[in-house]
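The primary structure of each chain is shown beneath.
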Amino acid sequence: MDEPVCVYGHFNRDAGFSINSLYPDIRQFICILRDPFDTALSYYFFMERKGKGLGRLDEYLSSTKLNQLSHFPEVVTEENYIDLIENRFIWIGTTETLATSMEIIADRLNRFVPTRLDRLNVSDRSVDEKRLDDYREVFQKNNPLEYKVYRYVAEKNEAYQRNASAGYSAPASPPSVSTDAKKITFHTGLPKAGTTSIQMALMDTEQQHRAEGLFFPFDKTFFGTNLPSDRRIDLPPQTDALAYLYHNFRPVSSSEFDWQKIFEDFLQSPDLDHAIISHELLSLESRNLRPGVFNVLARRAQLTFLLYLREPAIWLTSLYAQIIHDPSVPASTGRTFRPYARYIDKGFEGVVAPFIPHGRIDVRSYDRLTSENRLIEDFFEAVGAPGLAPISRAHLHNSRRAGRNSIVFLLSLKEVVPPDHIAKLFHKVLGPADRLDMTPRSLFSADMVQAVAQRWERDREYFREVHHVDLPPATPSEAGPAHLCVDEAYVAELREEVHDDLSELERTWFDLAARNAIGGWENSFS
């Protein structure tokens, strides 16, 4: 069957046409439940409208037994209803949260969310609403299992709705798969939290980790520790693999690899049981995730999302320095620096939230592990191969000493140099700009530092209560000045250092950037 098929209808075991008797091979189900009392009340007035009255309303509600659980694929009991809901259904929505339920179901089926939901087949009802409370109490006592099932489902949908109103979507629990299923760990960053070092350690130990059942696919043509340094590409070694996942299991034009075959071979291999995808952009760009991709994987493997969190004031400063030092990143990014605003808005809680519906969250403290020199050791412990840490070489990547003078001057340089010339000029200026700078790296104003510290305390409380991780308190941070600028003496020394390497046009750009940087600007992001 080339296209997926959805079979729908009122399958009813009590009426002799259960879903299992008609379609015994079906393994995935969707259902919409309604408050059982409202279902019974609606059915009563529906039959009245059709001229098939059911007698007095009070007698009907006090004696009727619903059959809505007879539509489930198995007989429902108090012992098995949670297992049925979690393992047999893609999702069970509720009429009361129908729009949200359809959003979740569309997400899990990788389909578009309906743009309109019409209200059809509505019956008029005339009844004293106050009397219904008495009827409802009796009805609930007569239908206890129906209410246990409904309340469990309703809570899952309401939890999703609460999280969505906070700015992200997080159903109550990830899909369940067999405990002997393959494992896939998504090492999602953070950037500037040892990601490159971990990737290099994995490439170092390729032969050994395959023997341990680990699978870390990467392009050996461009990546690997045995290649000459000029062959190293400054991109994560699984960029194409991640793009493939983002494109929802479709071929990626930039890749020479058949990633679909690679993933299928892993899932079928008797020797490999744990794949690792490491890409820091998963954490920063999680709002762009294609949930359908993870939903598909989550039904064939146990997914874990591994994050190393770093004290945010230090992390944001380090990330900002990296952005400014990258000639391909435009100056406007340095002026706005969206990671700061996103952190203040949602914190690291918002970073992990998009992953919660899809698998297990494993959060660890980068600061604590690096202070103990245990980052690589901890990573291999996390993926179940602790013996590999001693044979991987220690790596320190993307680490640079860059102070405030250097960062402000380079940003100013980006603002005056045309984009097609900036890389060449950066190549000449970057090294001396960092080496000559003795100023501290503190960039953020006092108000910004305070806002980060307050958000971090909320993060620490959240991760302690929800994920049982104790993160260290904020490191006292020196605030940067309210007005960012560079020292004239620094610019003069840098000009003397690089003058002979610059063309006449490059010197003009240098001097213009220097004047702007000495004058400076207000310390804020907008």
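Residues numbered from 1 in each chain as written. Predicted model: local features only at pLDDT ≥ 70, side-chain atom pairs only at ≥ 80, totals over all residues. Heavy atoms only, no water.

Engineer: How should the overall build of the chain be read in this particular structure?
Structural biologist: Scanning the chain from N- to C-terminus turns up 23 helices and nine strands. The buried share of the chain, taken over its 526 residues, is 49%. Counting only contacts in the chain whose residues sit at least 6 apart along the sequence, the fraction spanning at least 24 positions is 78%. When the accessible surface of the chain is summed, it comes to about 27,000 Å², and 50% of that surface belongs to carbon and sulfur atoms. (Helix = DSSP H or I, 4+ residues; strand = E, 2+ residues; numbered from the N terminus. Buried < 20%, exposed > 50% of the residue type's maximum accessible area, 1.4 Å probe, protein only. Contact = heavy atoms within 4.5 Å. Areas by Shrake-Rupley, 256 points an atom, 1.4 Å probe, with all protein chains shown as cover.)

Engineer: Would you mind going over unusual backbone geometry with me for this structure?
Structural biologist: For residues besides glycine, phi is generally negative; the peptide bonds are generally trans as well. With an omega of 5°, the peptide bond between Gly189 and Leu190 qualifies as cis. Located in the positive-phi region is Lys192, a residue other than glycine, with phi close to 60°. Tracing the backbone shows Lys192 in the loop between strand E3 (182–187) and helix H8 (195–204). We classify Lys192 as buried; its relative accessible area is 14%. Backbone geometry at Asn373 places phi at a positive 55°, although glycine is not the residue there. Here Asn373 falls in the exposed class, since its relative accessible area comes to 71%.

Engineer: What am I meant to see in the side chain of Thr304 here?
Structural biologist: Relative to the helices and strands, Thr304 is located in strand E6 (residues 301–309). Not counting residues up to four positions away in its chain, the partners in contact with Thr304 are Ile184, Thr185, Phe186, Arg360 and Asp362.

Engineer: Would you explain the pairing of strand E5 (residues 274–278) in this entry?
Structural biologist: Side-chain positions along a regular strand alternate between the two faces of the sheet. The buried fraction of E5 is high, at five of five residues. Residues His274, Ile276 and Ser278 point to one face of E5 and Ala275 and Ile277 to the other, with burial holding for every one of them. Both E3 and E5 contribute to a ladder of five bridges, which runs parallel. Across the sheet, Thr185 pairs through a bridge with Ile276, a residue of E5. Here two bridges tie strand E4 (residues 214–215) to E5, and the two strands are oriented parallel to one another. Across the sheet, Phe215 pairs through a bridge with Ala275, a residue of E5. (Pairing = 2+ DSSP bridges.)

Engineer: What is the right way to look at helix H16 (residues 338–352) in this model?
Structural biologist: For an α-helix the count is 3.6 residues per turn, leaving residues at separations of three or four pointing the same way. Relative to the 21 Å expected for 15 residues at 1.5 Å per residue, H16 spans just 17 Å between its end C-alpha atoms, considerably shorter than the ideal helical length. Regarding H16, the residues found buried are Pro339, Tyr340, Tyr343, Gly347, Phe348, Glu349, Gly350, Val351 and Val352. (Expected span 1.5 Å × (residues − 1).)

Engineer: Looking at this structure, how should I read the pattern of salt bridges?
Structural biologist: A side chain with one charge can pair with a side chain of the opposite charge if their charged atoms come near. Enumeration over the complete set of coordinates arrives at 22 salt bridges. A salt bridge links Glu59 to Arg56, with the nearest nitrogen and oxygen atoms 3.5 Å apart. On the basis of relative accessible area, Glu59 is assigned to the partly exposed category, the value being 45%. We note a salt bridge from Glu497 to Arg435, for which the minimum N-O separation is 2.8 Å. Note that Glu497 is positioned in helix H22 (residues 488–498) and Arg435 in helix H20 (residues 419–435), a separation of 62 residues in sequence. It is possible to trace a salt-bridge network through shared partners that takes in Arg360, Asp362, Arg364 and Asp378. (Salt bridge = Lys/Arg side-chain N within 4 Å of Asp/Glu carboxyl O.)

Engineer: Explanation requested: the confidence of the model for the chain in the structure shown.
Structural biologist: Detailed reading of the predicted model is not advised wherever pLDDT is low. Mean pLDDT over the chain: 80, with 78% of residues reaching 70 or higher. Here residues 166–172 is modelled with pLDDT under 50, and outside its nearest four sequence neighbours on either side it reaches 27 contacts, counting other chains as well. For residues 224–235, every residue scores under 50 in pLDDT, and the model assigns this stretch 20 contacts once sequence neighbours within four places are set aside. (pLDDT = per-residue confidence, 0-100.)

Engineer: What is the right way to read the sheet that holds E3 from this model?
Structural biologist: Backbone-to-backbone hydrogen bonds pair the strands of a sheet. The strands run either parallel or antiparallel. The strand order across the open sheet formed by five strands is E4-E5-E3-E6-E7, and the pairing between neighbours is parallel. Edge positions in the open sheet fall to E4 and strand E7 (360–365), since each of these has one partner strand only. The strands touched by H8 are E3, E5 and E6; relative to E5, the strand with the most contacts, the crossing angle is about 140°. (Axes fitted to C-alpha atoms, helices over the stretch in contact; angles between N-to-C directions.)

Engineer: Would you mind going over the pairing of strand E1 (residues 29–33) with me for this structure?
Structural biologist: Of the two faces of E1, only one is covered, namely that formed by Phe29, Cys31 and Leu33; the face formed by Ile30 and Ile32 stays uncovered. With five bridges connecting them, E1 and strand E2 (residues 89–94) associate as parallel partners. Bridged to Ile32 within E2 is Gly93.

Engineer: Would you explain helix H18 (residues 375–382) in this entry?
Structural biologist: By the criterion of burial, H18 is predominantly enclosed, with six of the eight residues buried. Within the span of H18, buried status applies to Leu375, Ile376, Asp378, Phe379, Phe380 and Ala382. Packing partners of the buried residues in H18 comprise E3, H8, E5, E6, E7 and helix H17 (366–371). Two residues or fewer after H18 comes Gly384, characterised by a positive phi angle close to 80°.

Engineer: Help me out: how do you make sense of the side chain of Asp437 in this one?
Structural biologist: Tracing the backbone shows Asp437 in the loop between H20 and helix H21 (446–466). When its relative accessible area of 0% is taken as the criterion, Asp437 is described as buried. In terms of polar contacts, Asp437 uses its side chain to reach the backbone amide nitrogen of Gly403, at 3.0 Å. One polar contact links the side chain of Asp437 to the main-chain amide nitrogen of Asn405, over a distance of 3.3 Å. (Polar contact = N/O pair within 3.5 Å; in protein donor to acceptor, adjacent residues only side chain to side chain.)

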